[in-house]
Amino acid sequence: MGTASELQSLDKLVSNALSGQDLQEFNRIHYGRISNHELEIKKNNILFGNENHFEIAAYKFPANKEEIRKPRIVKAGVIQNSIAIPTDQPVTKQRCAIFEKIRKIIETAADEGVNILCLQEAWSMPFAFCTREKQPWCEFAESALDGPSTLFLKELAIKYGMIIISPILERDEVHGDTIWNTAVVINEMGKVIGKHRKNHIPRVGDFNESTYYFEGNTGHPVFETSFGKIAVNICYGRHHPLNWLMFGINGAEIVFNPSATVAGLSEHLWAVEARNAAIANSYFTCAINRVGTEKFPNEFTSGDGKTAHKEFGHFYGSSYITAPDGSRTPGLSRVKDGLLIAELDLNLCRQIKDKWGFGMTQRLDLYVNSLSKAVNHDFEPQVVPRD
Ligand SMILES: NC(=O)NCCC(=O)O
């Protein structure tokens, strides 16, 4: 958890400091709408959240009424959380402790009517890839089809009629026991309808993930569900506009971005990237980041000259949701577990495509031609030299 001196929320810092016309103007320019369209949360859930130390926030993104299509209303939820017990405890104990805290938040999401829920990257374990140690961290790797996380969430998906996206460390026992960073999609009947493996693996700061797994081999799948067409762009993939683009080309209406990233490295990018992707691709994006500081038993080094250390510096939460028109929710806390809910009218995707026409003006043919040349080893950049 964060220390008392840590900033709790950038959004609250600003909104508490402003009022009246100034606050309205801030909201209009920063969030893209004067009202955040807050949804009321049931009293019992607020109490339950307080007792169990998690925040709940809910907002609405309405669309224009259409003559032919009915509104397509879906409630999306995202969960950000810290780990539950220290990282030197047995693997199974750590995982079960996280399950128990997540179970309570999922129960709350269900009671608030969430249809699709996404957890954070590698949600059922500490983000131990900084250490480069294989033991015990590889033991958290599990089957996408019937590993402990999938079995745990399947039951809840059925019980609550909810689609659950479960980003885990995957062990593919069928294909050489290989390890992947994978988001498993479980439908409301408890069936694993597919998975997506992280396409871009970071090699920056303490993010030493390539020691454990390589770039994914599942392309850019979009899953057709009872609650719209959904996709998952895992963490570092958010820095790659073409990764976002491909989910859009495959027809996604909501793209979840389960992440694990720390202050000092990326906090100034966080509010920009998933929001920009929603705008550029006319879909909803849900950016999720874990919270807390994770301390590991042994010291590890970084590629950036820092002295050896045991702590993965502060995961800053701040999960948020953006609509295709670029308007966004305030972020969740920087330091506390949380459940963020947004009621989306998926009709907004097409309405914004019709308004801005980004799909029609994007000139894919031009870029295909240029890119197919740029990937050749003897490519010569198109530069007009100085005289
Ligand atoms: N989990 C992960 O890919 N983190 C990399 C750091 C970042 O993308 O901000």
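Going by an unreviewed UniProt entry, the chain carries the name Beta-ureidopropionase and comes from Parnassius apollo. The Sequence similarities (unreviewed entry) comment attached to the chain in UniProt states, word for word, "Belongs to the carbon-nitrogen hydrolase superfamily. BUP family."

A.B. asks: Go over the overall build of the chain with me, naming the residues and quoting the values.
C.D. replies: A count of helical and extended segments in the chain gives ten helices and 14 strands. C-alpha extents for the chain along the principal axes are approximately 65 × 55 × 45 Å. Going through the 387 residues of the chain one by one, you find that 51% of them count as buried. A separation threshold of at least 6 residues defines the contact pool for the chain, and within that pool the share at least 24 residues apart is 71%. Total accessible area on the chain is roughly 18200 Å²; 54% of this is exposed by carbon and sulfur atoms.

A.B. asks: Explain the nonpolar core residue by residue, including any values.
C.D. replies: In terms of nonpolar packing, the biggest core is built from 33 residues, with Ile116, Ile165, Ile230, Ile254, Phe256, Phe284 and Leu344 touching the most fellow members. In this structure, Ile254 is in contact with Val74, Ile116, Phe227, Lys229, Ile230, Ala231, Tyr283, Phe284, Cys286, Leu344 and Leu346, ignoring residues within four places of it in sequence. By size, the runner-up hydrophobic cluster in this structure holds 29 residues, among which are Ala58, Ile102, Val114 and Ala157.

A.B. asks: Before we move on, can you summarise the site of the ligand with the specific residues and values?
C.D. replies: In the region of the ligand, 14 residues are neighbours, and Glu121, Lys198, Arg238, His239 and Thr261 sit closest. Residue Arg238 places a side-chain N or O atom 2.9 Å away from an oxygen atom belonging to the ligand. At 3.1 Å from a nitrogen atom of the ligand is found a main-chain nitrogen or oxygen belonging to Ala260. Considering the ligand on its own, with 280 Å² of exposed area, one finds that the protein chains cover 99% of that surface.

A.B. asks: Now, about the sheet that holds strand 4 (residues 163-172): what can you tell me, with residues and values included?
C.D. replies: Strand order across the open sheet formed by seven strands is 1-14-2-3-4-5-6, with mixed pairing between neighbours. Either end of the sheet is taken by a strand with one partner, and the two such strands are strand 1 (54-61) and strand 6 (192-197). Strand-to-strand twist across the sheet, computed as the mean angle between neighbouring axes with direction ignored, equals 25 degrees. Here strand 4 runs beside strand 5 (residues 178-186); their pairing, made up of nine bridges, is antiparallel. Note that in strand 5 the partner of Ile168 across the bridge is Thr182.

A.B. asks: Describe the layout of surface pockets, with residues and values.
C.D. replies: Reported here for the largest pocket is a volume of approximately 400 Å³. Looking at the largest pocket, it is lined by 21 residues, and the ones nearest its centre are Lys12, Asn36, Glu38, Tyr59 and Pro330. No other element matches strand 1, which puts five residues into the lining of the largest pocket. A class-by-class count of the residues in the lining of the largest pocket yields ten nonpolar, seven polar and four charged. In this structure, the second largest pocket occupies an estimated 270 Å³ of space. In this structure, the second largest pocket is lined by 17 residues; those nearest its centre are Leu10, Asp11, Ala271, Ser318 and Arg328. Put simply, the parts of the chain that give the lining of the second largest pocket at least two residues each are helix 1 (10-17), helix 2 (20-31) and helix 7 (267-281).

A.B. asks: Any details on the UniProt feature "domain: CN hydrolase" (unreviewed entry) in the chain? Residues and values, ideally.
C.D. replies: The UniProt record annotates "domain: CN hydrolase" (unreviewed entry) at residues 81-346. The span residues 81-346 is 22% helical and 29% strand by assignment, and the distance between its end C-alpha atoms comes to 27 Å.

A.B. asks: Quick one: what's the story with the pattern of salt bridges, residue by residue and with numbers?
C.D. replies: Scanning all chains against the criterion turns up 20 salt bridges. Among the ionic pairs, Glu121 bridges to Lys198, the shortest N-O distance being 2.7 Å. Of this pair, Glu121 sits in the loop between strand 3 (116-118) and helix 5 (148-160) while Lys198 sits in the loop between strand 6 and strand 7 (223-225), and the two are 77 residues apart along the sequence. Judged by its relative accessible area of 1%, Lys198 is buried. We note a salt bridge from Arg238 to Glu273, for which the minimum N-O separation is 3.2 Å. Taken together, the residues span a long stretch of sequence, with Arg238 in the loop between strand 8 (228-232) and helix 6 (241-249) and Glu273 in helix 7 at a distance of 35 residues. Each member of the pair, Arg238 together with Glu273, is buried. Salt bridges here are not isolated pairs; linked through shared partners, they connect Glu170, Asp172, Lys195 and Arg197.

A.B. asks: I'd like to hear about unusual backbone geometry, residue by residue, with values.
C.D. replies: Residues Gln135 and Pro136 are joined by a peptide bond in cis, for which omega reads 0 degrees. Locating Pro136 in the fold gives a position in the loop between strand 3 and helix 5. Of note, Cys235 is a non-glycine position whose phi angle comes to about 30 degrees, a positive value. With respect to the helices and strands, Cys235 occurs in the loop between strand 8 and helix 6.

A.B. asks: Just give me the short version of the side chain of Thr108, but keep the residues and values in it.
C.D. replies: If you trace the backbone, Thr108 turns up in helix 4 (residues 91-111). Separated by 2.9 Å, the side chain of Thr108 and the backbone oxygen of Lys104 make a polar contact. Contacts of Thr108, omitting those with residues within four sequence positions, involve Asn45, Phe48, Phe54, Ile56 and Leu339.

Calculation rules
- Residues numbered from 1 in each chain as written.
- Predicted model: local features only at pLDDT ≥ 70, side-chain atom pairs only at ≥ 80, totals over all residues.
- Heavy atoms only, no water.
- UniProt positions renumbered as here; feature names shortened; annotations may be inferred.
- Helix = DSSP H or I, 4+ residues; strand = E, 2+ residues; numbered from the N terminus.
- Buried < 20%, exposed > 50% of the residue type's maximum accessible area, 1.4 Å probe, protein only.
- Contact = heavy atoms within 4.5 Å.
- Areas by Shrake-Rupley, 256 points an atom, 1.4 Å probe, with all protein chains shown as cover.
- Core = buried A, V, L, I, M, F, W, Y, C linked by side-chain atoms within 4.5 Å.
- Near = heavy atom within 4 Å.
- Polar contact = N/O pair within 3.5 Å; in protein donor to acceptor, adjacent residues only side chain to side chain.
- Pairing = 2+ DSSP bridges.
- Axes fitted to C-alpha atoms, helices over the stretch in contact; angles between N-to-C directions.
- 1 Å grid on protein atoms, 1.4 Å probe; cavity = no way out; pocket = protein on both sides within 12 Å on 5 of 7 lines; lining within 4 Å.
- Points joined across faces, edges and corners; volume = space filled by probe spheres on them.
- Nonpolar A, V, L, I, M, F, W, Y, C, P; charged D, E, K, R; others polar.
- Salt bridge = Lys/Arg side-chain N within 4 Å of Asp/Glu carboxyl O.

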